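The chain contents come next:
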Amino acid sequence: MGLKKVGILTGGGDCSGLNAVIRAVTRSAIIEHGARVVGIEGGFEGLVFNHTQDLTIKSTRDILTLGGTILGTTNKGNPFEWREQSHDGSISVYDYSDRAVQTVKELELDCLFVVGGEGTLEIGYKFQKKGVQVIGIPKTIDNDLDKTDYTFGYQTAVQVACDALDRLATTGRSHQRVMILEVMGRTAGWIALEAGIAGGAHIILIPEIPYNIESVVQKIRLRAKGGSPYSIIMVAEGAKAIGGDVVTQETATTRLQGVPQLGGIGFHLANQIKEQIDLEVRCTVLGHIQRGGTPTAFDRVLGTRLGSYAVQAAADGKFGTMVALQTPDIILVPLHELAGVVRHVPVDSQLIKCAESIGINMGREAA
Ligand code: F6P
């Protein structure tokens, strides 16, 4: 099929590598197919309100190394469940999906590339069912999407978290402190686990293994007894103690969307440890630093490969699919196979066994 005009939007949280994808889609649509490319601004919101910009080789020049997304994004604004808050605080929900479909029609798009994580791709799939020709491109620092080995943005986040751990370890050793680093990842522990291993953490706590505080404390005590009165702890924002709850914060967005915002487990853990140990305990929350900045070479290459392959898939008429890395190839996966699946760290995975085999405490109950 000849591609005449395609659209691209980025949805959900930003991450490094989004601009590499936008650039690759634009360049290969123009160079290989002579197509026009339209950027939808602000995620699906741009479709509802018809906010767009033309993307050209010139306008996407020099964005490969740029963090974030030149199109803007939002993790609110699902057109199928559009939530608006009135002055009295009450929330009304509207279905604006027909408006969005109308925009696609007016723009005469042969294909809509939807770049996002699980939530964004699910919305993309709903639009596919409404007749829009969609191809998904997987992104998230959380790496929690099924059917793809890695999502772009993840590797950059791991590198940033690893660098942070290296720096915290310096202070931990110099001041004989327990240093805690809280990282993102939602309900999946990938960032914490891989960055923790890379950064030489002594304790790694992930959502998939509720932690036993006694085991954590015992590890710190044993290290102190063995002549190392400092410990480095990596904790995922979605981690929780056995029998405890995840720690969340309320914001205007969480009130509007009704979705909890994770964060705060690091300070909670610090308090738990302080109660039992006579060492100074400090917590650092890495936050959005993990999402920003220049993508690693891996994420640039992955984003470029996914973008370029997505355009080829559109030219072949393979709509309703997501491009995915299944090493060494980029392949296509039907969007419906992804619906609602979040990929967690398997608790019996080689990666966890590897961590435990070198003495990292994963917070499991002492045998
Ligand atoms: O999904 C990406 C992510 O960064 C999660 O790791 C984190 O829980 C969430 O987004 C934070 O979202 P926000 O930027 O809206 O606080």
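What you see is a predicted model; the values in this text were computed from it and never measured.

### A closer look at the pairing of strand S2 (residues 36–40)
With four of five residues buried, S2 lies mostly within the body of the structure. In terms of handedness, the path from strand S1 (residues 5–10) via helix H1 (residues 18–33) over to S2 forms a crossover that is right-handed. Here four bridges tie S2 to strand S3 (residues 52–55), and the two strands are oriented antiparallel to one another. When the sheet's bridge partners are listed, Gly39 is paired in S3 with Gln53.

### Some remarks on the domain arrangement of the chain
Here the chain is partitioned into domain 1 (5–152 + 295–327) and domain 2 (157–290 + 346–357). Centre-to-centre separation of domain 1 and domain 2, based on C-alpha positions: 32 Å. The largest per-residue losses of area from domain 1 upon contact with domain 2 belong to Arg83, Ile141 and Asp142, which jointly make up 45% of the total buried on that side. The interface formed by domain 1 and domain 2 holds three salt bridges in total. Close ionic contact of Asp142 with Arg186 constitutes a salt bridge, the shortest N to O distance being 3.4 Å. The tally of links from domain 1 across to domain 2 stands at three residue pairs in polar contact (both at pLDDT 80 or more). Among the elements that make up the side of domain 1 that touches domain 2, the one with the highest residue count is strand S4 (residues 82–85) (three residues). Across the side of domain 1 that touches domain 2, the residue classes break down as three nonpolar, four polar and six charged.

### Points about the packing of helix H7 (residues 213–225) against helix H9 (residues 265–274)
Orientation of H7 relative to H9, taken along the N-to-C sense of each, is 65°, at an axis distance of 10 Å. Between H7 and H9, the interaxial angle falls into the category roughly perpendicular. Of the two elements, H7 crosses H9, and the hand of that crossing is right-handed. Residues Ile213, Val216 and Ile220 of H7 pack against Leu269, Gln272 and Ile273 of H9. Classifying every residue of the contact of H7 with H9 gives five nonpolar, one polar and no charged.

### Topic: the site of the ligand
Within the structure, the ligand sits among Asn75, Ile141, Asp142, Met184, Gly185, Arg186, Glu237, Gln261, His288 and Arg291. Asp142 places a polar side-chain atom, nitrogen or oxygen, 2.6 Å from an oxygen atom of the ligand. Residue His288 places a side-chain N or O atom 2.7 Å away from an oxygen atom belonging to the ligand. Residues belonging to the shell around the ligand are distributed by class as follows: two nonpolar, four polar and four charged.

### Comments concerning the sheet that holds strand S8 (residues 177–183)
The strand order across the open sheet formed by four strands is S9-S10-S8-S13, and the pairing between neighbours is parallel. The open sheet has two edge strands with one neighbour each: strand S9 (203–205) and strand S13 (280–285). Each neighbouring strand pair of the sheet contributes to a mean axis angle of 15°, computed without reference to strand direction.

### Observations concerning unusual backbone geometry
With an omega dihedral of 5°, the bond running from Thr327 to Pro328 counts as a cis peptide bond. Inspection of the secondary structure puts Pro328 in the loop between strand S14 (321–326) and strand S15 (329–334). The phi dihedral of Asp62 is positive, around 65°, even though this residue is not glycine. Given the relative accessible area of 69%, Asp62 is considered exposed. In this structure, Asn143 takes a positive phi of about 55° despite not being glycine.

### Regarding the pairing of strand S5 (residues 91–94)
As paired strands, S4 and S5 are joined by four bridges and run antiparallel to one another. The residue of S5 that forms the bridge with Gln85 is Ile91. Where S4 folds back on S5, the antiparallel hairpin that results is connected by five residues, among which Gly89 adopts a positive phi of roughly 90°.

Calculation rules
- Residues numbered from 1 in each chain as written.
- Predicted model: local features only at pLDDT ≥ 70, side-chain atom pairs only at ≥ 80, totals over all residues.
- Heavy atoms only, no water.
- Buried < 20%, exposed > 50% of the residue type's maximum accessible area, 1.4 Å probe, protein only.
- Helix = DSSP H or I, 4+ residues; strand = E, 2+ residues; numbered from the N terminus.
- Right-handed = clockwise from strand over helix to strand, strands pointing away.
- Pairing = 2+ DSSP bridges.
- Domains from an automatic or database assignment.
- Buried area = accessible area lost by both parts, 1.4 Å probe.
- Salt bridge = Lys/Arg side-chain N within 4 Å of Asp/Glu carboxyl O.
- Polar contact = N/O pair within 3.5 Å; in protein donor to acceptor, adjacent residues only side chain to side chain.
- Nonpolar A, V, L, I, M, F, W, Y, C, P; charged D, E, K, R; others polar.
- Axes fitted to C-alpha atoms, helices over the stretch in contact; angles between N-to-C directions.
- Parallel < 35°, antiparallel > 145°, perpendicular 65-115°, else oblique.
- Left-handed = near helix turned anticlockwise from the far one by under 90°.
- Contact = heavy atoms within 4.5 Å.
- Near = heavy atom within 4 Å.

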